[in-house]
Amino acid sequence: MYKVVVHRAGGYEQLKLESHPVPKPGDRQVLVRTEAVGVNYADVCVRWGVYESARRLVGWPITPGFEYSGRVEEVGHKVTHVRPGDPVFGVTLFNGYSTHVCAPADLVWPKPQTLDFEAAAGFLAVYLTAYHGLLQNVVIRPSMSVLVHSAGGGVGSALIQLCKLHNLHVIGVVGGSHKVEYVRQLGANAVIDKSTQSLWLEAKRLCPDGYDLVFDANGPETLAQSYAHLKPTGKLLIYGFHTLLPKQGGRINYLKAVLGMLRVPRFNPLLMTSENKGVVAFNLSFLFARIDLLHTAVSDLTTWIEAGSIQAPKVCSFVLKDVAQAHRTLEAGETTGKLVLRTASPLGESYSPSH
Ligand SMILES: NC(=O)c1ccc[n+]([C@@H]2O[C@H](COP(=O)([O-])OP(=O)(O)OC[C@H]3O[C@@H](n4cnc5c(N)ncnc54)[C@H](OP(=O)(O)O)[C@@H]3O)[C@@H](O)[C@H]2O)c1
């Protein structure tokens, strides 16, 4: 089988495509021959060596990748819910960038019929993040006002759709004019284009009383103002820090990152109490032990995608061997929707597994 291995932190050159033996599934595991695997911003952070759960749980070398779709090749003795040949999708705590994924059976689900393999490979990580943020972290009520930063990206576009599905009033923020129409079509009530508009003047104009929820993965660039624009009882949901990181070149500017960390606001519980505002932070990769939460989320999301109530993110795909190009594209922050790697022919031509 082929997989992408990162032996040490660094630029695109660290993404090595290597041949390895196919693993044997344990009693409660499923071996999947992947068709496509999702690319997430977190994978870039893994390559840089700054992704906390990768450092804590794996170290080096590491194969990035949190999600995949494909067909079951073999199942362990205790697995009954899927069989060899079944089309499936799933999440994995790393090891996704591979032609074969050996995953705990609990994290493998039948692929929704409405999704092709590429769309299925890019569906779970962003939608599980959006679902967990919106539906498992806060209580929502119809007509609540929500501000979603980076609304054209993978998680952002999933958040816009889940907000619409739950009758919330949602405003998306994008960093480039080419993303405005995409976010509007997803169902946003309004879109703020930071490249041509003053973000906070416009945010205030659109929602003068403040927001019930603000979703922010930008980090120091916007966190303080996101909090300031909450109404009493509002919640700031923090799930990433990408303004600490570079948009091109593939290498971390450690000085910029450290200076950015110093600008991360410190929230004061005394003030938060008297202002009636809250801050919630979460990371899905520390949630793998909460199978109960993941199962509820996948069950709802599968129902909604099969009913046509939500759409999978628009997908742009690369062959597995072109993983560096996928990382370069994602880092630039110009994409809308999701990037996936095609693994059926990982080298870009017809391929038969050799191990
Ligand atoms: N906590 C979790 O469990 C979890 C799970 C998944 C993702 N995340 C985080 O969520 C964020 C979005 O992930 P995604 O997969 O949706 O990524 P994505 O599709 O690449 O979208 C990210 C968006 O963020 C903006 N951006 C990217 N790099 C930037 C930079 N260096 N500086 C400023 N803005 C930048 C861009 O939007 P605009 O320029 O239009 O704003 C880009 O479209 C990432 O920070 C990721 O780490 C967290």
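The rules behind these values
- Residues numbered from 1 in each chain as written.
- Predicted model: local features only at pLDDT ≥ 70, side-chain atom pairs only at ≥ 80, totals over all residues.
- Heavy atoms only, no water.
- Helix = DSSP H or I, 4+ residues; strand = E, 2+ residues; numbered from the N terminus.
- Rg over C-alpha atoms; globule rule 2.2 N^0.38 Å.
- Buried < 20%, exposed > 50% of the residue type's maximum accessible area, 1.4 Å probe, protein only.
- Contact = heavy atoms within 4.5 Å.
- Areas by Shrake-Rupley, 256 points an atom, 1.4 Å probe, with all protein chains shown as cover.
- Lys, Arg positive; Asp, Glu negative; His and termini not counted.
- Charge placed at Lys NZ, Arg CZ, Asp CG, Glu CD.
- 1 Å grid on protein atoms, 1.4 Å probe; cavity = no way out; pocket = protein on both sides within 12 Å on 5 of 7 lines; lining within 4 Å.
- Points joined across faces, edges and corners; volume = space filled by probe spheres on them.
- Nonpolar A, V, L, I, M, F, W, Y, C, P; charged D, E, K, R; others polar.
- Near = heavy atom within 4 Å.
- Polar contact = N/O pair within 3.5 Å; in protein donor to acceptor, adjacent residues only side chain to side chain.
- Domains from an automatic or database assignment.
- Buried area = accessible area lost by both parts, 1.4 Å probe.
- Salt bridge = Lys/Arg side-chain N within 4 Å of Asp/Glu carboxyl O.
- Disulfide = S-S within 2.5 Å.
- Pairing = 2+ DSSP bridges.
- Arc of directions from axis to C-beta.
- Patch = residues over 30% accessible without salt bridge, like charges linked within 9 Å, V, L, I, M, F, W, Y side chains within 5 Å.

Draft legend 1. View of the overall build of the chain. Counting its secondary structure elements, the chain contains twelve helices and 15 strands. A compact globule built from 355 residues would reach a C-alpha radius of gyration of about 20 Å, and the chain, at 20 Å, matches this within 12%. In terms of overall dimensions, the chain has a C-alpha envelope of 60 × 45 × 40 Å along the principal axes. With 355 residues in all, the chain has 54% of them scored as buried. Put simply, of all contacts in the chain between residues at least 6 apart along the chain, 69% involve residues at least 24 apart. Only carbon and sulfur atoms are counted for the fraction: they give 54% of the accessible area of the chain, which is about 15,300 Å². For the chain, the centre of its 34 positive side-chain charges and the centre of its 28 negative side-chain charges are spaced 4 Å apart.

Draft legend 2. Inspection of empty space enclosed by the protein at higher detail. For the coordinates displayed, the defined rule picks out one cavity of 30 Å³ or more. Lining the largest cavity we find Cys45, Val46, Gly49, Val50, Tyr51, Ala54, Arg55, Gly59, Trp60 and Ile62. Where the lining of the largest cavity is concerned, the elements lending two or more residues are α1 (41–48) and α2 (52–57). Within the lining of the largest cavity, the residues separate by chemical class into seven nonpolar, two polar and one charged.

Draft legend 3. Spotlight on the site of the ligand. Within the structure, the ligand sits among 26 residues, and Gly154, Val155, Gly175, Lys179 and Leu284 are positioned closest to it. Within the backbone of Val155, one N or O atom sits 2.8 Å away from an oxygen atom of the ligand. Residue composition of the shell around the ligand, by class: ten nonpolar, 13 polar and three charged. Both domains that furnish three or more residues to the shell around the ligand are identified here as domain 1 (2–124 + 286–342) and domain 2 (138–281).

Draft legend 4. Expanded view of the domain arrangement of the chain. With domains assigned, the chain is organised as domain 1 (2–124 + 286–342) and domain 2 (138–281). Summed over both sides, the interface between domain 1 and domain 2 buries roughly 1,700 Å², with carbon and sulfur atoms accounting for 57% of that surface. Taken as a group, Tyr41, Trp48 and Thr336 account for 27% of the area that domain 1 buries against domain 2, more than any other trio of residues on that side. Viewed at the interface, domain 2 and domain 1 are joined by one salt bridge. Of the charged contacts, one joins Glu13 and Arg251 as a salt bridge, the two residues approaching to 2.8 Å between their closest N and O atoms.

Draft legend 5. Region of the structure containing the state of the cysteines. All told, the structure shown has zero disulfides when counted by the stated rule. No disulfide involves Cys45; its sulfur sits 19 Å from that of Cys316, the nearest cysteine. Left without a disulfide partner, Cys207 is nearest to the cysteine sulfur of Cys163, which lies 12 Å away.

Draft legend 6. Up close: the pairing of strand β13 (residues 278–281). Side chains Gly278 and Val280 of β13 all project onto a buried face; the interleaved residues Val279 and Ala281 project onto a face where none is buried. Taken together, the four bridges between strand β12 (residues 230–238) and β13 define a ladder with parallel strand orientation. Residue pairing for β13: Leu237 is matched across the bridge by Val280.

Draft legend 7. Up close: the environment of Gly96. When you line up the elements, Gly96 lands in the loop between β5 (87–91) and β6 (100–104). Not counting the four nearest positions on each side in its chain, Gly96 is found in contact with Val37, Thr63, Pro64, Gly65 and Val101.

Draft legend 8. Spatial organisation of helix α7 (residues 199–206). Considered for burial, the residues of α7 that qualify are Leu199, Trp200, Glu202 and Ala203. In a view along the axis of α7, the buried residues occupy a sector of 160 degrees, so they form one face of it. Facing away from the buried side of α7 by more than 90 degrees, the exposed set consists of Leu201 and Arg205.

Draft legend 9. Structural context of the layout of surface pockets. Volume-wise, the second largest pocket comes out at about 190 Å³. Lining the second largest pocket are 14 residues; nearest its centre among them are Lys3, Pro23, Asn95, His100 and Cys102. The element that contributes the greatest number of residues to the lining of the second largest pocket is β6, accounting for four residues. In the lining of the second largest pocket, the residues fall into eight nonpolar, five polar and one charged.

Draft legend 10. Expanded view of a nonpolar patch on the surface. Together, Leu255, Val258, Leu259 and Leu262 make up a nonpolar patch on the protein surface, roughly 420 Å² of accessible area in all. Within the fold, Leu262 resides in helix α9 (residues 254–262). Exposure remark for Leu262: the relative accessible area of 63% places this residue in the exposed category.

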